[in-house]
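# Structural features, examined
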Amino acid sequence: MDLLALADFNLVARHGGFGKAAREAGRPKATLSRRVSELEASLQLRLFERGGRALKLTEEGRALFERTGTLLTELDEAAAAIASGGENPRGRLRISAPLLFSQTAMGRLAAEFAMKYPQVQLEVTTDDRPVDMIEEAYDLVIRVNPAPDESLVGRAFLHDRLVIVANPALQRPTDGRPVPAVVRVSGERATAWKLRPGSGSASLAVDPILQLSSLPMVRDAVRAGAGVGRLPISLVSHDLAAGRLVHWGDVDVPEISLWALYPSRRLLSARVSAFLEHLRLAFPKGAPDELAAYVAG
């Protein structure tokens, strides 16, 4: 198999079209089209569906892309490492991170990493949906309590828990009446929040009167006295310590875990390894108070 043609195929598949791939690589579109056609002829397979406006991988093309993309990346990185005399992180590193972590910590993390590794071109996007790492060409994704995925490996680097907090002026009902609540926008319209043992009661009846699209917005509205909120302890610990909020109990739900995930491969890139170590040094214990201190610092 022609490795150069295979590399051109991966380039087109990664960018979703001949034109975009040609602009990114600075090469003629006709050359890329010819090389991919030659690869299809040699394999006797159609790798792209060329009808319509969008260029789509066939089933065989997707399988070839998934199996060869990481191998070609490893070859490029091995050659770069040998040329530079060692495993120095360099090149592009694409990361997808969830909204709250991006809003509170990712800006500082990214800045510190970029200053430490100036030869890495770091790109961070924010998305709460489970992105397709192969299709969207991500090197690393950060996710909250991710579902098991045989194609990905990684580790949890931070842990958190949900608590119910309120403005000190808001009185907690003792007769089971619902209390006004500020919630994040979702399809769920819960009328009660289950509490962990030791929180004073088994549950808290709530009346969602305000829905907001982000947890920092929920915290600010709760702090202003609009109602109670269900929030990560790392987001409100400083407000609790300062007396701006009071703790009504812990929510009885599984622990929140943030995971750093990457495609399973024999040779992990120096860029990804460096960022994983960067996370470990920032949060050595993985505890909520470390995240709160990092954000405050």
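Residues numbered from 1 in each chain as written. Predicted model: local features only at pLDDT ≥ 70, side-chain atom pairs only at ≥ 80, totals over all residues. Heavy atoms only, no water.

### Concerning the environment of M133
- When you line up the elements, M133 lands in the loop between β4 (120-126) and β5 (140-144).
- What makes M133 buried here is its relative accessible area of 6%.
- Between the C-alpha atoms of M133 and L55, which are 78 residues apart in sequence, the distance is 19 Å. (Helix = DSSP H or I, 4+ residues; strand = E, 2+ residues; numbered from the N terminus. Buried < 20%, exposed > 50% of the residue type's maximum accessible area, 1.4 Å probe, protein only.)

### Section: the sheet that holds strand β3 (residues 91-97)
- Pairing is mixed across the open sheet formed by five strands, whose spatial order is β4-β3-β5-β13-β6. Single-partner strands in this sheet number two, and they are β4 and β6 (152-160). Pairs of neighbouring strands in the sheet enclose a mean axial angle of 20°, with direction left out of account.
- Strand direction decides the pairing type here: β5 and strand β13 (residues 256-263), joined by four bridges, are antiparallel. Among the inter-strand pairings, V141 is bridged to a residue of β13, identified as L261. (Pairing = 2+ DSSP bridges. Axes fitted to C-alpha atoms, helices over the stretch in contact; angles between N-to-C directions.)

### Digging into unusual backbone geometry
- Not every positive phi belongs to a glycine, and A137 is a case in point at roughly 60°.
- Examined against the element boundaries, A137 turns out to sit in the loop between β4 and β5.
- Notably, N145 is not glycine yet its phi reads approximately 40°, a positive angle.
- Secondary-structure assignment places N145 in the loop between β5 and β6.
- Classification of N145 as partly exposed rests on a relative accessible area of 41%.

### A look at the pattern of salt bridges
- Within this structure, the stated rule accounts for 19 salt bridges.
- R184 is paired through a salt bridge with D128; the nearest N and O atoms lie 3.1 Å apart. You can see R184 sitting in strand β8 (residues 179-184) and its partner D128 sitting in the loop between β4 and β5, a full 56 residues away along the chain.
- Between R177 and D175 there is a salt bridge, and its shortest N-O distance comes to 2.7 Å. (Salt bridge = Lys/Arg side-chain N within 4 Å of Asp/Glu carboxyl O.)

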